[in-house]
Amino acid sequence: MCEQADTPASRPALERVRVLGNERIAPGVGILTLHAPRCASEVRPGQFVHLRVAEGRDFILRRPFSVHRAQDGALEILYQVLGSGTRAISLLEREQVLDLVGPLGRGWSAPAGLAHALIVTGGLGAAPLGMLAEELAAAGVAVTVAMGAPTQERLVARGLYEAVARRVVLATDDGSAGERGFVTAPVQRLLAEGSFDQMYVCGPEVMQRLVAGMAKEASVPCQVSLERLMACGIGACLSCVVSTRDGLKRACVEGPVFNAEDVLWDSSEVPPKH
Amino acid sequence: MNLDMSVRFGSLELKNPVVTASGTFASGREFADFVDLQRLGAIVTKGVSLEPWAGNASPRIAETASGMLNSIGLQNPGVEAFIAKDLAWLSEHAPRLPVIVNVSGHSANEYASVIERLERESSVAAYEVNISCPNVDAGGMVFGTSCLGAAEVTAACRKLTTRPLIVKLTPNVTDIVEIARSVEAAGADGVSLINTLLGMSIDAATRRPRLARVVGGLSGPAIKPVALRMVWQVSSALEIPVLGMGGIMTGEDAVEFLLAGATAVAVGTASFVDPTATMRVIDGIAEYCHANNIERVSDLSGALIES
Ligand SMILES: Cc1cc2nc3c(=O)[nH]c(=O)nc-3n(C[C@H](O)[C@H](O)[C@H](O)COP(=O)(O)OP(=O)(O)OC[C@H]3O[C@@H](n4cnc5c(N)ncnc54)[C@H](O)[C@@H]3O)c2cc1C
Ligand SMILES: Cc1cc2nc3c(=O)[nH]c(=O)nc-3n(C[C@H](O)[C@H](O)[C@H](O)COP(=O)(O)O)c2cc1C
Ligand code: FES
């Protein structure tokens, strides 16, 4: 089962990894599979890896990605093409070798006696929750999932969630799957109906903040996964700080998963592209 | 052939010329999973101030061509917490690693107070006084951009310690040699350069600056030519040793700084890209020496062929 927050996390390492597959699964979205035996055996749900995409010097920083699934020495990463780094990822071919630092950060944790979890995803926020959903289901926890995305084809990892969850509720901006609108509406209804003892949320930060507010209202403990710009990914540079009730915390070490009630929602999130 | 990697930086004996650049290596703990800290020539810690500093608003970094901008703003928990947590950790986990503490302040008095407090700690090998950070409104670069200010801070710190005192210079000046001369005259045992170059990045799509603070410090390979030029100019003009840095990613980059006149070098942004970068640089310098029949690394310093 998932580790409690106080158990020591697995130690990160620099690992040479090989591309096993790279497939487009939706417009601008791909799934990258890497042979990364060390990381795959150590990674916990909600942790991330820091990928070095290009060896050249035109852009130098690594790119952080959540681990979607880990199995038999392979890591799956769901990525959305946004800029230079993710474009380079979309061009990776089988057998190409790159390196990663990982596993990094503090992932999701499950309270003792967890019986029914509500997972809320928005867009690519479905990525870091995949492994968690699988582990929870395998441990006999009932899992309900609310997924939101702009369109039906952007409901990435829907198959995984439908396979393990007791119930999956969908919302799309254009109504092409599930109800039309944001995922927050079905979440509000689920909270009114159900008796959840833990919520897990990942997606655009505005959505996470709104859902965290609903969780608080319903007195359900809630964990969120926050994105920040990251240079080092290992806690040294202080570029990724999140304001919390206990002061500034590093998203790469003390996060990316935080208890929602600790987060002071300010404007330190990654600026949207447009 | 036996290669002697050691260098003397003033009165500091370093087993090799490679140290960490302040603010890019925290206080070592975060890198302990990746490198053998005791293989470093020395560790230069993140900037430490008298009281805790909260740093700047986010976003604090922006990637640029061959480099990055940062406006972290010297976020640090203050000297007491630094001693209790970072120095204590280093003494326990890397007892043979020389520790050079990077010092920041808003006034000459604040710099001096940090040093006064650290004088009571036996595990400090030297100080690097940062008069050059572009990311704080008061102090920092204000001292580094005038000869008078630079000399004032240097003299205030000099009075309080017999430990090696290295002063870190900003490249954001018209004549860095002039500033370097004034800190040498005020009693510095060495200078380190360069700190980051003041820069800016704009997102045309949103018409906004990429950094919350609008401007920030440029580091990484993009600044190496500027850094090499300044190290060459300053080391030609001064008697005291130069700690060179700015965009060092490989052993060969480091050798270039030594040839330009540096006695030792610091690896900064490279440690973000590759957490083992410091070790690769040490190994790369050794390889260069073997390939070029050099027996003592110290022979490389200033060995640039200029004609
Ligand atoms: C902990 C964590 C987990 C993540 N998991 C995933 C995931 O599973 N799938 C996915 O598609 N994306 C994920 N992201 C976002 C992903 O890191 C960015 O989309 C990616 O770095 C963009 O790189 P680029 O070169 O294409 O974009 P550019 O805009 O060209 O990148 C420029 C710089 O900004 C940074 N940057 C840009 N957008 C983001 C962002 N949203 N978050 C962090 N840094 C950003 C880049 O790393 C780079 O340093 C995650 C981010 C974090 C912090
Ligand atoms: C994120 C970051 C934080 C830094 N913090 C400090 C600092 O606290 N004190 C200081 O003297 N220099 C600081 N620097 C400057 C570096 O020590 C170094 O002078 C500069 O980055 C150039 O070297 P590089 O190109 O190898 O990184 C910082 C640089 C970066 C990138
Ligand atoms: S990314 Fe460097 S401290 Fe988090």
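Criteria and cut-off values
- Residues numbered from 1 in each chain as written.
- Chains lettered and ligands numbered in written order.
- Predicted model: local features only at pLDDT ≥ 70, side-chain atom pairs only at ≥ 80, totals over all residues.
- Heavy atoms only, no water.
- Helix = DSSP H or I, 4+ residues; strand = E, 2+ residues; numbered from the N terminus.
- Rg over C-alpha atoms; globule rule 2.2 N^0.38 Å.
- Areas by Shrake-Rupley, 256 points an atom, 1.4 Å probe, with all protein chains shown as cover.
- Lys, Arg positive; Asp, Glu negative; His and termini not counted.
- Charge placed at Lys NZ, Arg CZ, Asp CG, Glu CD.
- Buried < 20%, exposed > 50% of the residue type's maximum accessible area, 1.4 Å probe, protein only.
- Polar contact = N/O pair within 3.5 Å; in protein donor to acceptor, adjacent residues only side chain to side chain.
- Contact = heavy atoms within 4.5 Å.
- Near = heavy atom within 4 Å.
- Nonpolar A, V, L, I, M, F, W, Y, C, P; charged D, E, K, R; others polar.
- Pairing = 2+ DSSP bridges.
- Right-handed = clockwise from strand over helix to strand, strands pointing away.
- Buried area = accessible area lost by both parts, 1.4 Å probe.
- Salt bridge = Lys/Arg side-chain N within 4 Å of Asp/Glu carboxyl O.
- Axes fitted to C-alpha atoms, helices over the stretch in contact; angles between N-to-C directions.
- Core = buried A, V, L, I, M, F, W, Y, C linked by side-chain atoms within 4.5 Å.
- Domains from an automatic or database assignment.
- Patch = residues over 30% accessible without salt bridge, like charges linked within 9 Å, V, L, I, M, F, W, Y side chains within 5 Å.

Let us now look at the overall build of chain A. Summing up its helical and strand segments, chain A has six helices and 16 strands in all. Radius of gyration (C-alpha) of chain A: 18 Å, near the 19 Å computed for a compact globule of 274 residues. Over its C-alpha atoms, taken along the principal directions, chain A stretches across nearly 55 × 40 × 40 Å. A total of about 11400 Å² of accessible surface is found on chain A, and carbon and sulfur atoms cover 50% of it. Computed over 27 positive and 30 negative side-chain charges, the inter-centroid distance for chain A is 3 Å.

Its location among the elements puts Ser239(A) in the loop between strand E13 (222-225) and strand E14 (241-244). The exposure class of Ser239(A) is buried, given its relative accessible area of 3%. Engagement of the side chain of Ser239(A) in a polar contact is seen with the backbone nitrogen of Ala231(A), the distance being 3.2 Å. In this view, Ser239(A) contacts Leu229(A), Met230(A), Ala231(A), Arg60(B), Ile61(B) and Ile72(B); residues no more than four positions away in its chain are not counted.

Turning to the site of ligand 2, a few remarks are in order. All names here are of chain B. Close to ligand 2 lie 23 residues, the nearest being Ser22, Lys168, Gly220, Gly247 and Thr269. Within the backbone of Gly47, an N or O atom sits 3.3 Å from an oxygen atom of ligand 2. Between an oxygen atom of ligand 2 and a side-chain N or O atom of Thr269, the distance comes to 2.7 Å. Class assignment of the residues belonging to the shell around ligand 2 gives a composition of seven nonpolar, 15 polar and one charged.

Residues and elements named next belong to chain A. The buried fraction of strand E12 (residues 198-202) is high, at five of five residues. Burial along E12 is two-sided: Gln198, Tyr200 and Cys202 facing one way and Met199 and Val201 facing the other are all buried. Sheet topology places strand E8 (residues 116-122) next to E12; five bridges connect them, and they run parallel. Within E12, the residue paired with Ile119 across the bridge is Tyr200. Here three bridges tie E12 to E13, and the two strands are oriented parallel to one another. Within E13, the residue paired with Val201 across the bridge is Val224. The handedness of the E12 to E13 crossover, carried by helix H6 (residues 205-217), is right-handed.

Moving on, we get to the interface of chain A and chain B. Listed per partner, the contact involves 32 residues of chain A and 34 residues of chain B. Taken over both partners, the interface formed by chain A and chain B buries close to 2700 Å², and the fraction arising from carbon and sulfur atoms is 62%. Between the two partners, chain A and chain B, sit three salt bridges. Glu63(B) is paired through a salt bridge with Arg63(A); the nearest N and O atoms lie 2.7 Å apart.

What follows concerns the pairing of strand E8 (residues 126-130) of chain B. Residue and element names in this part refer to chain B. With respect to burial, E8 is a largely interior element, five of its five residues being buried. Every second residue of E8 is oriented toward a common face, with Ala126, Glu128 and Asn130 on one face and Tyr127 and Val129 on the other, all of them buried. Here strand E7 (residues 99-103) runs beside E8; their pairing, made up of four bridges, is parallel. Opposite Asn102, over in E8, you have Glu128 as the bridge partner. What joins E7 to E8 is helix H2 (residues 108-118), and the crossover it makes is right-handed. Bridging between E8 and strand E9 (residues 165-168) involves four bridges; their strand directions are parallel. Note on E9: the bridge partner recorded for Val129 is Val167.

Applying the stated rule across the entire model yields 27 salt bridges over all chains. With its nearest N and O atoms 2.4 Å apart, the salt bridge here joins Arg189(A) to Glu179(A). Taken together, the positions of Arg189(A) in helix H5 (residues 184-193) and Glu179(A) in strand E11 (residues 179-180) put the pair 10 residues apart, joining distant regions of the chain. By relative accessible area, Arg189(A) is classed as partly exposed at 42%. Classification of Glu179(A) as partly exposed rests on a relative accessible area of 25%. Arg210(B) is the salt-bridge partner of Asp203(B), the closest N and O atoms lying 3.9 Å from each other. A relative accessible area of 16% places Asp203(B) in the buried class. For Arg210(B), a relative accessible area of 35% translates into the label partly exposed. Residues participating in the shared-partner salt-bridge network are Arg16(A), Arg62(A) and Asp99(A).

Backbone-to-backbone hydrogen bonds pair the strands of a sheet. The strands run either parallel or antiparallel. Residue and element names in this part refer to chain B. An order of E5-E6-E14-E11 is seen for the four strands of this open sheet, with the pairing classed as antiparallel. At either margin of the open sheet sits one strand with a lone partner, and together these are strand E5 (61-64) and strand E11 (197-200). On average, each strand axis in the sheet is tilted by 40° relative to the strand beside it, whichever way the strands run. For strand E6 (residues 67-70) and strand E14 (residues 215-219), the ladder comprises three bridges, and the chain directions are antiparallel. Considered in E14, the bridge of Asn70 is made with Gly217.

Residue and element names in this part refer to chain A. Examined against the element boundaries, Val263 turns out to sit in the segment after strand E16 (257-259). Among the residues examined, Val263 registers a relative accessible area of 6% and is labelled buried. Taking C-alpha positions, Val263 is 35 Å from Asn22, a pair spaced 241 residues apart along the chain. Here Val263 is in contact with Val224, Leu226, Val242, Ser243, Thr244 and Phe258, once residues within four sequence places are set aside.

This part covers the nonpolar core. Met199(A), Leu118(B), Ile131(B), Leu169(B) and Leu193(B) are the most contacted members of the largest nonpolar core, which totals 145 residues. The two domains that each donate at least three residues to this core are domain 1 (13-104) and domain 2 (117-222) of chain A. The residues contacting Leu193(B), other than those within four sequence positions of it, are Leu169(B), Ile176(B), Met230(B), Val231(B), Val234(B), Val242(B), Leu243(B), Gly244(B) and Met245(B). In this structure, Ala110(A), Ala127(A), Ala165(A) and Cys202(A) belong to the second largest nonpolar core, which totals 31 residues.

Moving on: the sheet that holds strand E3 (residues 48-52) of chain A. All names here are of chain A. An order of E4-E3-E7-E1-E2-E6-E5 is seen for the seven strands of this open sheet, with the pairing classed as antiparallel. Either end of the sheet is taken by a strand with one partner, and the two such strands are strand E4 (63-66) and strand E5 (69-71). Between one strand axis and the next, the sheet turns through 35° on average, direction left out of account.

We now examine a nonpolar patch on the surface. Residues Met200(B), Ile202(B) and Val214(B) make up a contiguous nonpolar surface patch of about 260 Å² in total accessible area. Within the secondary structure, Met200(B) is located in strand E11.

Functional significance is not addressed by these values, which are geometric in nature.
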